[in-house]
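Architecture at a glance
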Amino acid sequence: MLLELDKAGIRFGGLRAVQDLELKVAQGALYGLIGPNGAGKTTVFNLITGIYSPSEGDIRLSGASIIGKGPVAVARAGIARTFQNIRLFGGLSVLENVTVAMFRHQHATLLEAVFRGPRYAREETEATAAAMELLATFGLGHVAHLGADELPYGLRRRLEIARALATRPRLLLLDEPAAGMNPSEAHELMHLIRWTRDTFAVTILLIEHHMPVVMGICERIAVLDHGARIAEGTPAEIRNDPVVIEAYLGAEVPA
Amino acid sequence: MTLFVQQLVNGLSLGAIYALIALGYTMVYGTLQMINFAHSEVFMMGGFFALLIAKYSGVADAPSVAGVIFVAVATMLATAALGVAIERLAYRPLRKSGRLNMLITAIGMSLLLQNGALLVWGTNVPFPELLPRTTWVIAGVSVSTNNVLVFSVTIVLMIALHHVVERTQVGRAMRAVSASRDAAALMGIPVDRIIAFTFALGSILAGAASMLWVLDNPRVDPAMGIMPGLKAFVAAVLGGIGSIPGAVAGAILLGLCETMVSGYVSSTWRDAVAFLLLIVILLVRPAGLFGKFVPEKV
């Protein structure tokens with residue numbers, strides 16, 4: 001298992017935002033995490049990425065606990081993410097947003113950078129080339145030199161995924177990547193996500209509200225409600241699970 | 001006309017010193033959204049460091065250009081270490097507990113350094129003359145070696161700063177941390193190190209400012225940081241706090257205003273005008289000259 005949540009939970013005061021959560025994401029999986037608003041999905045991401053420390057249970061990456069590591073160390077262990085409310089580096093260009101995410105793979109010192117030493121020059125050339133390739137892949141090649149905050153919404157979402165991939169993660173967490181997109185854009189994005197998983201050999205865990213698309217691309221799905229896992233299985237199993245239909249889809253919306 | 005040009009020369013060199021200090025305020029604000037009130041004391045301590053280094057290295061006894069450069073570089077390294085130590089000991093442990101707590105701590109740190117310096121070194125300590133002072137009179141306008149020195153050193157440091165911030169991988173990470181600290185951490189950028197680096201950069205510039213200051217005003221005093229620090233803070237706010245070009249523009253503007261007021265009105269009015277300028281600009285442009293006004297989301 002690449003990622004394992006073992007009875008993980010967190011409480012904020014009296015509120016148990018997430019409780020007894022079991023989640024096993026296999027290497028190379030495309031795994032979906034769904035649930036109604038306020039079910040605690042983003043909290044799970046915040047637990048995995050070290051923003052919150054779980055009050056109980058354990059979280060393991062490739063068998064090693066990542067509890068108490070903090071966001072920087074977790075990112076360095078190979079977990080990257082995007083955000084529900086996009087958080088790009090405004091004031092940096094589109095290209096810089098991607099190259100800065102490669103910071104941990106660059107080893108030149110500041111002195112080498114200031115005086116343009118050979119190692120710095122090589123690392124920068126490599127980073128720029130890799131970033132341009134990533135941007136081209138995500139259809140952002142033509143806007144590489146624009147400011148990140150000048151991009152339209154859809155492209156910002158793509159840039160966030162490209163930036164996360166630039167850290168060379170083992171596990172990529174996508175928080176509602178298709179939020180605010182129309183069905184055809186969402187569909188296109190989902191293809192891009194599957195293609196990303198295959199091309200970059202990265203494991204993907206995603207939160208999504210667009211039910212049809214999640215069902216379409218995820219191989220396994222966990223359903224969260226009131227901070228607890230109520231179902232887990234293949235899309236077909238989830239679609240027919242009466243507990244899920246009741247809790248998540250409500251009575252009047254058929255799956 | 002002569003008076004105008006004379007005050008222009010004086011204003012530019014005063015503004016240059018303010019700019020060096022203001023950059024420290026604005027860069028720290030950019031990354032931590034916090035006013036580092038102890039920054040004026042980093043400038044003050046730079047004066048004492050320069051004095052001690054000049055004295056114990058023997059440069060004070062046998063001044064030379066190489067000696068002065070040595071004292072300047074050593075002073076800048078010492079203030080950098082002080083700035084990093086202040087961040088590490090006083091601000092980092094409080095980073096999660098809110099900006100107000102950090103602000104109070106900054107004020108406390110400022111008082112600690114002022115009174116510490118007073119206790120150890122006392123007031124009004126004379127600074128040895130390290131560079132012979134020459135003044136040229138060109139068409140009635142006097143320009144001193146110090147004016148030239150202040151101006152050229154500031155320009156070189158600005159270019160170096162721009163190079164570091166805009167054209168190195170560390171500068172890029174610095175800008176990323178200042179745009180979104182959380183996102184930067186989640187991309188594996190070592191936020192703590194980058195913040196420490198920001199303090200180091202700002203403190204190096206403050207060290208340079210104190211070196212230039214004591215060459216021109218040969219006394220060091222625990223209270224010497226208060227006024228220049230306050231003016232530099234005003235300059236950073238004028239330019240739009242968080243903005244590097246803004247801090248420089250605000251500092252030059254403030255320096256010119258001060259010297260023009262002392263030249264044409266009266267030197268007793270110069271400080272009043274500096275703060276009046278702050279009030280007026282903030283009324284007209286709340287985010288400062290180069291700042292972006294971002295309305296609070298509700």
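Residues numbered from 1 in each chain as written. Chains lettered and ligands numbered in written order. Predicted model: local features only at pLDDT ≥ 70, side-chain atom pairs only at ≥ 80, totals over all residues.

**What about the overall build of chain A?**
This is how the line gets drawn: Runs of E in the DSSP output that reach at least two residues are strands. Runs of H or I that reach at least four are helices, and both are numbered from the N terminus. Here the globule rule reads 2.2 Å times residues to the power 0.38, and the radius of gyration is calculated from C-alpha atoms. Neighbour counting defines burial: a residue surrounded by 20 or more other C-beta atoms within 10 Å of its own C-beta is buried, one with 12 or fewer is exposed, and intermediate counts give partly exposed, using backbone-placed C-beta atoms. In this description, any two residues whose backbone-derived C-beta atoms lie within 7 Å of each other are considered to be in contact.
Along its length, chain A carries 10 helices and 10 strands. Over its C-alpha atoms chain A spans a radius of gyration of 19 Å, differing by no more than 12% from the 18 Å that the globule rule assigns to 255 residues. By the burial criterion, 42% of the 255 residues in chain A qualify as buried. Pairs at least 24 apart in sequence give 63% of the contacts found in chain A among residues at least 6 apart.

**A few points about the overall build of chain B**
Across its full length, chain B carries 11 helices and 4 strands. Taking the principal axes of the C-alpha coordinates as reference, chain B spans close to 55 × 45 × 40 Å. Looking at chain B as a whole, 49% of its 298 residues are labelled buried. At a minimum sequence separation of 6, the contacts of chain B that also span at least 24 residues come to 76%.

**Digging into the domain arrangement of chain A**
Defined as follows: Start and end positions for the domains come from either an automated domain assignment or a database one.
Assigned domains within chain A: domain 1 (3–88 + 168–249) and domain 2 (89–150). Look at where the C-alpha atoms of domain 1 of chain A and domain 2 of chain A centre, and you get two points 28 Å apart.

**So, the interface of chain B and chain A**
Tallying the contact residues gives 20 residues for chain B and 25 residues for chain A. Of all elements in the fold, only α5 (145–167), α6 (169–179) and α7 (181–186) of chain B reach the threshold of two or more residues within the side of chain B that touches chain A. Considering each element in turn, the side of chain B that touches chain A owes the most residues, 7 residues, to α6(B).

**Brief notes about the sheet that holds strand β1 (residues 3–12) of chain A**
All names here are of chain A. Applied cut-off: A pair of strands is labelled paired if DSSP reports no fewer than 2 bridges between them. Axis definition: a line fitted to C-alpha atoms, over the contacting stretch in the case of helices. Angles run 0 to 180 degrees between N-to-C directions.
As summarised here, the arrangement of the 4 strands in space is β2-β1-β4-β5, forming an open sheet in which the pairing is antiparallel. Looking along the sheet, the strands with just one partner apiece sit at the ends: β2 (15–25) and β5 (64–65). Relative to strand β4 (residues 56–61), β1 is paired through 5 bridges, and the arrangement is antiparallel. By the bridge assignment, G9 is partnered in β4 with E56. In this fold helix α1 (residues 41–48) packs onto β1, β2 and β4, with an angle of close to 70 degrees to the strand it touches most, β2.

**Regarding helix α1 (residues 2–32) of chain B**
Residue and element names in this part refer to chain B. Stated formally: Take the residue count of a helix, subtract one, and multiply by 1.5 Å to get its expected span. A residue's bend is the angle separating two fitted axes: one through the seven residues that end there, the other through the seven that start there.
Over its 31 residues, α1 runs 44 Å from end to end, which matches the ideal 45 Å to within 8%, given 1.5 Å per residue. When the local axis directions of α1 are compared, the greatest deviation, roughly 25 degrees, occurs at I21. Counting buried positions over the 31 residues of α1 gives 23, a clear majority of the element. Positioned one or two residues after α1, Q33 has a phi angle of 50 degrees, which is positive.

**With respect to the confidence of the model for chain A**
The test is simple: The predictor reports its confidence for every residue as pLDDT, a score running from 0 up to 100.
For chain A, the mean per-residue pLDDT works out to 90, and 97% of the residues sit at or above 70. Averaged over each element, pLDDT in chain A is lowest for helix α10 (residues 242–249) of chain A (77) and highest for helix α3 (residues 94–100) of chain A (97).

**Looking at unusual backbone geometry**
Although it is not a glycine, K7(A) sits at a positive phi angle of roughly 50 degrees. The class of K7(A) is exposed, set by 12 C-beta atoms lying within 10 Å. The backbone of A139(B) shows a phi angle near 50 degrees, a positive value even though the residue is not glycine. Inspection of the secondary structure puts A139(B) in the loop between β2 (135–138) and β3 (141–144).

**A look at the nonpolar core**
Note the cut-off: The term nonpolar core means buried Ala, Val, Leu, Ile, Met, Phe, Trp, Tyr and Cys residues held together as one set by C-beta atoms within 7 Å.
Residues A22(B) and I189(B) are the most contacted members of the largest nonpolar core, which totals 170 residues. Sorting elements by how many residues they give to this core places helix α8 (residues 191–216) of chain B first, with 17 residues. The residues that make up this core include at least three from each of domain 1 (3–88 + 168–249) and domain 2 (89–150) of chain A. Those residues in contact with A22(B) that sit more than four places away from it in its chain are A232(B), A235(B), A236(B), A247(B), G250(B) and A251(B).

**Side note on the environment of V170(B)**
Looking at the secondary structure, you find V170(B) in helix α6. Separated by 82 residues in sequence, V170(B) and I252(B) have C-alpha atoms that sit 28 Å apart.

**Observations concerning the pairing of β4(A)**
For a regular strand, side-chain orientation follows a simple rule: the groups alternate between the two sheet faces. All names here are of chain A. Both β4 and β5 contribute to a ladder of 2 bridges, which runs antiparallel. Within β5, the residue paired with L61 across the bridge is A64. The hairpin formed by β4 and β5 contains 2 residues between the paired strands, and S62 there has a positive phi angle of roughly 50 degrees.

**Comments concerning the sheet that holds strand β7 (residues 171–175) of chain A**
Residue and element names in this part refer to chain A. An order of β6-β7-β8-β3-β9-β10 is seen for the 6 strands of this open sheet, with the pairing classed as mixed. Looking along the sheet, the strands with just one partner apiece sit at the ends: β6 (79–81) and β10 (228–233). On average, each strand axis in the sheet is inclined to that of its neighbour by 20 degrees, with strand direction left out of account. Two strands pair when backbone bridges link them, and strand β3 (residues 30–34) and strand β8 (residues 203–207) are joined in this way by 4 bridges, in the parallel orientation. Bridging across to β8, L30 finds its partner in I204. In the packing of helix α7 (residues 183–200) onto the sheet, contacts are made with β3, β7 and β8, and the angle to β8 comes to roughly 155 degrees.

**Here we look at the confidence of the model for chain B**
All names here are of chain B. In the predicted model, chain B carries a mean pLDDT of 92, and the fraction of residues at 70 or more is 98%. Helix α2 (residues 39–57) holds the highest mean pLDDT among the elements of chain B, 97, whereas helix α11 (residues 270–284) holds the lowest, 86. For this predicted complex, the interface confidence reaches an ipTM of 0.90, while the overall pTM sits at 0.92.

**Observations concerning the environment of V72(A)**
The topology assignment puts V72(A) in helix α2 (residues 70–76). Overall, the presence of 20 C-beta atoms within 10 Å leaves V72(A) in the buried class. Taking the C-alpha atoms as reference points, V72(A) and Q19(A), separated by 53 residues in sequence, lie 25 Å from one another. Non-local contacts of V72(A), meaning those with residues more than four positions away in its chain, are made with A185(B), G188(B), P190(B) and V191(B).

**Details of α7(A)**
All names here are of chain A. Just so we agree on the cut-off: Throughout, the arc means the angular range of directions from the helix axis out to the C-beta atoms.
Taking 1.5 Å as the rise per residue, α7 with 18 residues should run 26 Å; its terminal C-alpha atoms sit 25 Å apart, in good agreement. Where α7 is concerned, the buried positions are L189, M190, I193 and T196. Each buried residue of α7 lies within a common arc of 115 degrees when the element is viewed along its axis, so the set occupies one face. Among the exposed residues of α7, those pointing more than 90 degrees away from its buried face are S184, H191, W195, D198 and T199. Residues of α7 that are buried in the fold lie against α6 (153–166), β7, β8 and α8 (211–217).

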